[in-house]
Amino acid sequence: MRTRIYVIVMLITAAFAACHKEVASLFRGFEKPANFNTPAYKLENNPVTEAGFVLGRKLFYEPRLSRNNTISCGSCHIQSSAFTQHGHDVSHGIDDRLGSRNSPPIMNLAWSPLLMWDGGVFDLDLQPIVPITNHVEMDETVENVISKLQQHPDYPGMFRQAFGSPEITTARLLKALSQFMVMCISSNSKYDSVVRGQGTVFTSDEQAGYEIFKTKCSACHAEPLFTDNSFRNNGLSIANNNDEGRYTVTLNAADRYRFKVPSLRNLAYTAPYMHDGRFYTLDAVFDHYSRQVKNTPNLDALLQRNGVLGITLTTAERVQLLAFLQTLNDRQFITDPRFSEQ
Amino acid sequence: MTIHKIIIIVLFVAPLFTSCSKDAQPPSSTEERSSLSIEFDNIVGGQNLQLNTGSYTNAAGETFSVDRLQYFVSNISLNKTDGTVYTVPQDSSYFLVKEGEEDADHVTLSVPTGEYSSLSFVLGVDSLRSTMDIAKRTGALDPSGGMDDGMYWGWNSGYIFFKMEGLSPEAPVDPTGKHKFRYHIGGFGGYSAPTINNIKTVTLNLTPGGVAKVRQGRNSNIHLMVDVLKVFNGSTTVSLAANPQVMFSDYSVNIANNYATMFRHDHTEN
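Every chain begins its residue count from 1, and numbering advances along the sequence as written. Note on labels: chains are lettered from A, ligands numbered from 1, in written order. Only residues with pLDDT of 70 or above have their local features reported here, since the model is predicted, and side-chain atom pairs are shown and tallied only from 80 upward, although totals for entire chains, interfaces and linings are computed over all residues. With hydrogens and water set aside, each side-chain value is computed from the structure's full complement of heavy atoms.

Asker: Account for the overall build of chain B, with residues named and values stated.
Answerer: Of the regular secondary structure elements, chain B holds three helices and 16 strands. Using a 1.4 Å probe on the protein chains alone, a residue whose accessible area is under 20% of its type maximum counts as buried, one over 50% counts as exposed, and one in between counts as partly exposed. Counting over 270 residues, chain B shows a buried share of 48%. By the convention used here, residues are in contact when the closest approach between their heavy atoms is within 4.5 Å. Taking contacts inside chain B between residues at least 6 apart in sequence as the whole, the part at least 24 apart equals 74%. A run of DSSP states H or I qualifies as a helix once it reaches four residues; a run of E qualifies as a strand once it reaches two. Both are numbered from the N-terminal end.

The structure is reproduced here in structure tokens:
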């Protein structure tokens, strides 16, 4: 009788074990910060595992993703700059070719329903195809990338660990990259500690700046991500290349010159600013909103209230607002060894 | 241990095992099936299409040659003479027709035996599949191709339904120094905001040209003529001089409306 019970217990254990390959590890998977909303990314279609994350990270820093094996995702998305390309107004890709837009940060992308400055990509899994195939970024095909990875000594084994077999497919390649990218969560700024009630408090300038922010900025840069993920024309003068922004993907005239509202998180690390990196400093950004807003087609209604273009900001308000915005910097995120090239 | 206890334990343990297995396949149908192919014979007016070497003239009086022609055919369904409809299972109903590539000028299906009098398919990729998880986009739908022969727009997530490129002395010199025209037509209607929808459903009556008789041990071939001259000559007269490059733009709707009429059932080889 005792043996029989023992056998039954073993059977039950085996049945459970068959479903759970991973042994307990320190890796905690995807964790939603307490002050964040439900992610837009469909994690149920791509559950983050340690092996998948490690593979995704290796792929993120893999120059074989480019035609001549020189450019990786990490080339234009540098961790110390909150995964932007510091010092470059527009991205600088293969053979020194230049793009037309500024590298956006890889940060909190699980909460971003549409990717790119124009929202042309609607699923994070589909996003890496763009830089891989773009002639001025990596200039490669996904098909070639897969064949290079198949010949690499490490990748087939890593795909087996992440997906159960060494086969490298488009879907697996893209899902591994997504597993790394959704894990790049920035939620440990001073602001986050304050709103989560973790014992930190704002200084009086920061608090005053927060009040100004809530009155004058948060309609677009909505908390807690500091973007409402909408597309707006913020009154930039139209550049010579006449980048029409969201219009190019919707062909709707009302979208002409609209671009995605960027997050304000980590703004100390992500200069230069705007879709084409035209402003090198936050002072220049403040100058734009307070004095230089142009009445171009589809200018956002919030920037033309009572017949006045832009947002009024006194010198004192600028100081306080800047103090608050600096609380959105997350040093832990830009130094987290989990996200660094290994 | 009583027999009842053992039964309870077995009932408890059994679902643990089944929860790990993949969905069971439905029992295979006992319905008799046989082979049916659909041939896409690309022509230009009264001539067979010859890539690179053939020279043709459109209704605008412009001469041109074609060096690339490929399009998606999907969501195939067939009507039997008895009124029943057979729809090819969605997961295996996406095909890329490529001129000049062996085995890419026809699709072969296994369908229930019987007589079919009408054929319907989508020229392009439906919006549902266009927005589906990447793991469900294998085979012809795998977006791993390059910029030249690929049928996918990365920058504006979606498939290119129809791609035709070639040369015409009437087309202005492009940045590569060639008089090249490029028509890359797509647009499934938009994911987050409505935009152009160039998905076309084509329905062809097979009765005048001969019904498809699908019988055991035989292959029935529905032979379609696909006249790419219709791309230029239709409700809009498309000029290579005026519109040499048409991709994701409002004008693409005119080309899609034109090419929706390019399929004609010629005959059936039973």
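Here the narrative resumes, following the displayed structure.
Asker: Please set out the pattern of salt bridges residue by residue, giving values where relevant.
Answerer: Each reported salt bridge corresponds to a side-chain nitrogen of Lys or Arg within 4 Å of a carboxyl oxygen of Asp or Glu. What the rule picks out here adds up to 32 salt bridges over all chains. A salt bridge links Asp-95 of chain A to Arg-97 of chain A; the shortest N-O distance between them is 3.3 Å. Residue classification places Asp-95 of chain A among the partly exposed positions, given a relative accessible area of 42%. Look at Arg-97 of chain A and you get partly exposed, because its relative accessible area is 30%. As a salt-bridge pair, Arg-264 of chain B and Asp-266 of chain B come within 3.2 Å of each other at their nearest N and O atoms. A single salt-bridge network, built from bridges that share partners, covers Arg-67, Asp-95, Arg-97 and Asp-139 of chain A.

Asker: How would you sum up the packing of helix H11 (residues 282-292) of chain A against helix H12 (residues 315-325) of chain A? Please name residues and give values.
Answerer: All names here are of chain A. Angles here are taken between N-to-C directions and fall from 0 to 180 degrees, while the axes themselves are lines fitted to C-alpha atoms, restricted in helices to the stretch in contact. For the pair H11 and H12, the least separation of the axes is 12 Å and the interaxial angle reads 130 degrees. When the interaxial angle is binned, H11 and H12 end up oblique. The handedness of the crossing between H11 and H12 is right-handed. Residues Leu-282, Asp-283, Phe-286, Asp-287, Ser-290 and Arg-291 of H11 form the contact with H12, whose own contacting residues are Arg-318, Leu-321, Leu-322 and Leu-325. Under the grouping applied here, Gly and all other residues not named as nonpolar or charged are polar, the nonpolar ones being Ala, Val, Leu, Ile, Met, Phe, Trp, Tyr, Cys and Pro and the charged ones Asp, Glu, Lys and Arg. Among the residues making up the contact of H11 with H12, the classes are represented as five nonpolar, one polar and four charged. Comment on the angle field: the value is read as roughly parallel under 35 degrees, roughly antiparallel over 145, roughly perpendicular from 65 to 115, and oblique elsewhere. When the near helix sits turned anticlockwise from the far one by under a right angle, the crossing is termed left-handed; a clockwise turn instead gives a right-handed crossing.

Asker: Please set out the nonpolar core residue by residue, giving values where relevant.
Answerer: The criterion is simple. A nonpolar core is a set of buried Ala, Val, Leu, Ile, Met, Phe, Trp, Tyr and Cys residues joined through side-chain atoms within 4.5 Å. Core analysis: the largest hydrophobic core is formed by 123 residues, its most contacted members being Phe-40 and Phe-263 of chain B. Counting residues domain by domain, this core receives three or more from each of domain 1 (27-186) and domain 2 (190-332) of chain A. Formed by 29 residues, the second largest nonpolar core is a distinct cluster that contains Phe-202, Leu-282, Val-285 and Phe-286 of chain A. How far each domain reaches was decided by an automatic or database domain assignment.

Asker: Run through helix H3 (residues 252-259) of chain B, naming residues and quoting values.
Answerer: Given 3.6 residues per turn, any residue in an α-helix points the same way as the ones three and four places further on. All names here are of chain B. Among all positions of H3, only Ser-252, Ile-255, Ala-256, Asn-258 and Tyr-259 are buried. Summarising the axial view, the buried residues of H3 lie within an arc of 160 degrees, below the 170-degree limit, and thus occupy one face. If you follow the buried residues of H3, they end up packed against strand E8 (114-123), strand E10 (158-167), strand E11 (180-186), strand E12 (200-205), strand E15 (245-246) and strand E16 (263-269). Each C-beta atom gives one direction from the helix axis, and the arc is the one those directions make.

Asker: Please set out unusual backbone geometry residue by residue, giving values where relevant.
Answerer: Negative phi is the rule for most residues except glycine; trans is the rule for most peptide bonds. Residue Pro-224 of chain A is reached from Glu-223 of chain A by a cis peptide bond, and omega for that bond is 0 degrees. Note that Pro-224 of chain A resides in the loop between helix H9 (204-216) and strand E1 (231-232). Each neighbour pair has its own omega, and for Ala-271 of chain A with Pro-272 of chain A the value is 0 degrees, a cis peptide bond. Located in the positive-phi region is Asp-96 of chain A, a residue other than glycine, with phi close to 60 degrees. Within the element layout of this structure, Asp-96 of chain A appears in the loop between helix H3 (73-76) and helix H4 (129-133). Residue Asp-96 of chain A is classed as exposed on the basis of its relative accessible area of 60%. Phi at Asp-103 of chain B is positive, roughly 70 degrees, even though this residue is not glycine. The residue Asp-103 of chain B is located in the loop between strand E6 (94-98) and strand E7 (106-112) in this model.

Asker: Report on the side chain of Thr-84 of chain A, specifying residues and quantitative values.
Answerer: Residues and elements named next belong to chain A. Tracing the chain through its elements places Thr-84 in the loop between H3 and H4. Classification of Thr-84 by relative accessible area gives buried; the value is 2%. The term polar contact refers here to a pair of N or O atoms within 3.5 Å; inside protein, the definition further demands a hydrogen-donor-capable atom paired with an acceptor-capable atom, and it admits residues adjacent in sequence only when both atoms are side-chain atoms. Reaching out from Thr-84, the side chain makes a polar contact with the backbone oxygen of Ser-81 at a distance of 2.7 Å. The residues contacting Thr-84, other than those within four sequence positions of it, are Cys-76, His-77, Ile-78, Ser-103, Pro-104, Pro-105, Tyr-269 and Thr-270.

Asker: Quick rundown of the packing of aromatic side chains? Include the residues and the values.
Answerer: In this scheme Phe, Tyr and Trp rings, the latter by its six-membered ring, pair at centre separations within 6.5 Å, and the angle between planes marks the pair as stacked below 30 degrees, edge-to-face above 60, and tilted otherwise. Evaluated as defined, the whole model comprises 42 aromatic pairs over all chains. Aromatic side chains Tyr-152 of chain B and Tyr-159 of chain B sit 5.4 Å apart centroid to centroid with 70 degrees between the ring planes, which places their arrangement in the edge-to-face category. Under the relative-accessibility criterion, Tyr-159 of chain B is labelled buried at 2%. Members of the aromatic cluster, connected to one another through ring pairs, are Phe-27, Phe-53, Phe-60, Tyr-61, Phe-83, Phe-180, Phe-333 and Phe-339 of chain A. Above the ring of Tyr-210 of chain A, the side-chain terminus of Lys-214 of chain A is found at 4.1 Å from the ring centroid. Whether a charge sits over a ring depends on NZ of Lys or CZ of Arg being within 6 Å of the ring centre and within 35 degrees of the ring normal. Stacked on the ring of Phe-231 of chain A, the Lys or Arg Arg-246 of chain A has its end atom at 4.3 Å from the ring centre.

Asker: Give me the lowdown on the environment of Phe-83 of chain A, citing residues and values where you can.
Answerer: Relative to the elements of secondary structure, Phe-83 of chain A occurs in the loop between H3 and H4. The contacts of Phe-83 of chain A, once residues within four sequence positions are left out, are Phe-60, Tyr-61, Cys-76, His-77, Ile-78, Pro-104, Pro-105, Ile-106, Cys-184, Phe-333 and Phe-339 of chain A.

Asker: Requested: an account of the packing of helix H2 (residues 50-60) of chain A against helix H7 (residues 170-183) of chain A, with residues and values cited.
Answerer: All names here are of chain A. Running from N to C, H2 and H7 cross one another at 95 degrees; their axes reach a closest spacing of 7 Å. With respect to H7, the axis of H2 lies roughly perpendicular. Contacts between H2 and H7 involve Gly-52, Phe-53, Leu-55, Gly-56, Arg-57, Leu-59 and Phe-60 on the former and, on the latter, Leu-173, Ala-176, Leu-177, Gln-179, Phe-180 and Met-183. Taken together, the residues of the contact of H2 with H7 break down into nine nonpolar, three polar and one charged.

Asker: So what's going on with empty space enclosed by the protein? Which residues, and what values?
Answerer: The method works on a 1 Å grid over the protein atoms by themselves. A cavity is a set of points holding a 1.4 Å probe that cannot get out, a pocket is an open set with protein on both sides within 12 Å along at least five of seven lines, and residues with an atom within 4 Å of a point line them. Grid points are joined across faces, edges and corners, and a volume is the space filled by probe spheres set on the points. In the structure shown here, the tally under the stated rule is two cavities of 30 Å³ or more. Counted as a void, the largest cavity has a volume near 180 Å³. Within the residue set of the lining of the largest cavity, elements represented by two or more residues are helix H10 (247-250) of chain A together with E10 of chain B. The residue inventory of the lining of the largest cavity, partitioned by class, reads nine nonpolar, 10 polar and one charged. Residue assignment places the lining of the largest cavity across two domains, with domain 1 (27-186) and domain 2 (190-332) of chain A each supplying three or more. Here the second largest cavity is characterised by a volume of approximately 40 Å³. Met-225, Asp-227, Lys-230, Thr-261, Met-262, Phe-263 and Arg-264 of chain B are the residues that line the second largest cavity. Contributions of two or more residues to the lining of the second largest cavity are made by strand E14 (219-227) and E16 of chain B.

Asker: Explain the state of the cysteines residue by residue, including any values.
Answerer: All names here are of chain A. Two cysteine sulfurs form a disulfide in these notes if their separation is within 2.5 Å. Following the criterion strictly, the structure yields zero disulfides over all chains and no others. The structure places no disulfide on Cys-184, whose sulfur is separated from the nearest cysteine sulfur, that of Cys-73, by 11 Å. Classification of Cys-184 by relative accessible area gives buried; the value is 0%. Sulfur of Cys-217: no disulfide; nearest cysteine sulfur belongs to Cys-220 and is 8.8 Å away.

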